[in-house]
Amino acid sequence: MITREAACHCGQLRLKVEGEPFATSICHCLACQRRTGSAFGMQAAFRAEQVTVTGRFKGYSRISDESDQKEHAFHFCPECGSQVFYTEPDDPDLIVVSTGAFADPMFPPPTESGYDWRRHPWVGLPDSVQRYARELWDPARALYEAGQYAEAAAVGRRLVAQHPDEAFLFFNVACCESLAGLSEPALDHLRQAIERWDGFREMAANDSDFDPIRAEAEFRALIAG
């Protein structure tokens, strides 16, 4: 199993990380730009069991601007001030490490880019990076979180019609339709999501929202490629 080490600028705060991240992303939101002092933030998400933290750190908590109002606790070295990782109090199994703290140009590249509408115009991204603005899903988010999956899917279909180039909307609609027992439209929207970005194959394979249709032959074919 691969082992990597992340550290602050002075080396006092260190993280030993075993295995690969389950997600690596870029965020162009203004909060991440201010937090990093760069054009965007880049981070890799791990399970808590993969990470061992040594050294002292302090924290700063911020409530997300998104509709979920999720708290993020950013942890930094009290000596040099480097922000090395963050956690979410409502998800103790999650540790998100600032990719630059690994100081490794060969670190796995990001697969998604959030708040892309805030991206600096000179920043180019390869086609392998899925770009989306999470806030486009906000009209359906509360319905999904309340378990009103058919209603969320209906709102999502209107969003898809308004934003036909946003692949993640097709994926989210497929999730809602799967949970609502609408297998045929779920498979169709999942197929369209994968056509727009192949990375959704792996995401669907690991997303429990698709458990209701996981045994269907067409779903297995979509995942297999």
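Now for a description of the structure that goes with this document.

Procedures and definitions
Residues numbered from 1 in each chain as written. Predicted model: local features only at pLDDT ≥ 70, side-chain atom pairs only at ≥ 80, totals over all residues. Heavy atoms only, no water. Core = buried A, V, L, I, M, F, W, Y, C linked by side-chain atoms within 4.5 Å. Buried < 20%, exposed > 50% of the residue type's maximum accessible area, 1.4 Å probe, protein only. Helix = DSSP H or I, 4+ residues; strand = E, 2+ residues; numbered from the N terminus. Contact = heavy atoms within 4.5 Å. Pairing = 2+ DSSP bridges. Axes fitted to C-alpha atoms, helices over the stretch in contact; angles between N-to-C directions. Polar contact = N/O pair within 3.5 Å; in protein donor to acceptor, adjacent residues only side chain to side chain. Expected span 1.5 Å × (residues − 1). Arc of directions from axis to C-beta. Salt bridge = Lys/Arg side-chain N within 4 Å of Asp/Glu carboxyl O.

**Some remarks on the nonpolar core**
In step 1: Core analysis: the largest hydrophobic core is formed by 28 residues, its most contacted members being W137, F171, L190, F200, F210 and F219.
In step 2: With nine residues, the top contributor of residues to this core is helix 4 (residues 167-179).
In step 3: Ignoring any residue separated from it by four or fewer positions in sequence, one finds F210 in contact with F171, A174, C175, S178, L190, A204 and F219.
In step 4: Core analysis: the second largest hydrophobic core is formed by 16 residues, A44, C77, A101 and F107 among them.

**Concerning the sheet that holds strand 1 (residues 3-7)**
Within a sheet, neighbouring strands are paired by backbone hydrogen bonds and run either parallel or antiparallel to one another.
In step 1: Pairing in this open sheet of three strands is antiparallel, and the strands run 1-2-5 from one edge to the other. Lying at the two open borders of the sheet, with one neighbouring strand each, are strand 1 and strand 5 (51-54). Averaged over all pairs of adjacent strands, the angle between their axes in this sheet comes to 20 degrees, without regard to strand direction.
In step 2: The pairing of strand 1 with strand 2 (residues 14-18) spans five bridges and is classified as antiparallel. Note that in strand 2 the partner of A6 across the bridge is L15.

**Here we look at the side chain of E177**
In step 1: Note on placement: E177 falls in helix 4.
In step 2: At a separation of 2.6 Å, a polar atom in the side chain of E177 contacts the side chain of R157.
In step 3: Among the polar contacts listed, one links the side chain of E177 to the side chain of H189, at a separation of 2.9 Å.
In step 4: Contact partners of E177, with chain neighbours within four places excluded, come to A153, R157, L182, P185, A186 and H189.

**Concerning helix 3 (residues 149-162)**
In step 1: Its 14 residues place the ends of helix 3 20 Å apart at the C-alpha level, agreeing with the 20 Å of an ideal helix rising 1.5 Å per residue.
In step 2: When helix 3 is considered as a whole, its buried residues turn out to be A152, A153, V155, G156, L159 and V160. Looking down the long axis of helix 3, one finds its buried residues gathered within 165 degrees of arc, a one-sided arrangement. Facing away from the buried surface of helix 3 by more than 90 degrees, the exposed residues are A161 and Q162.

**Thoughts on the pattern of salt bridges**
In step 1: All told, the structure shown has twelve salt bridges when counted by the stated rule.
In step 2: R141 serves as the salt-bridge partner of D138, at 2.9 Å between the closest nitrogen and oxygen. With D138 and R141 both in helix 2 (residues 138-145), this residue pair falls three residues apart, about one helical turn.
In step 3: Across the pair R201 and D198 runs a salt bridge whose closest N-O atoms are separated by 2.5 Å.
In step 4: You can call D198 partly exposed: its relative accessible area is 47%.
In step 5: Within this structure, R4, E20 and D104 form a network of salt bridges that share partners.

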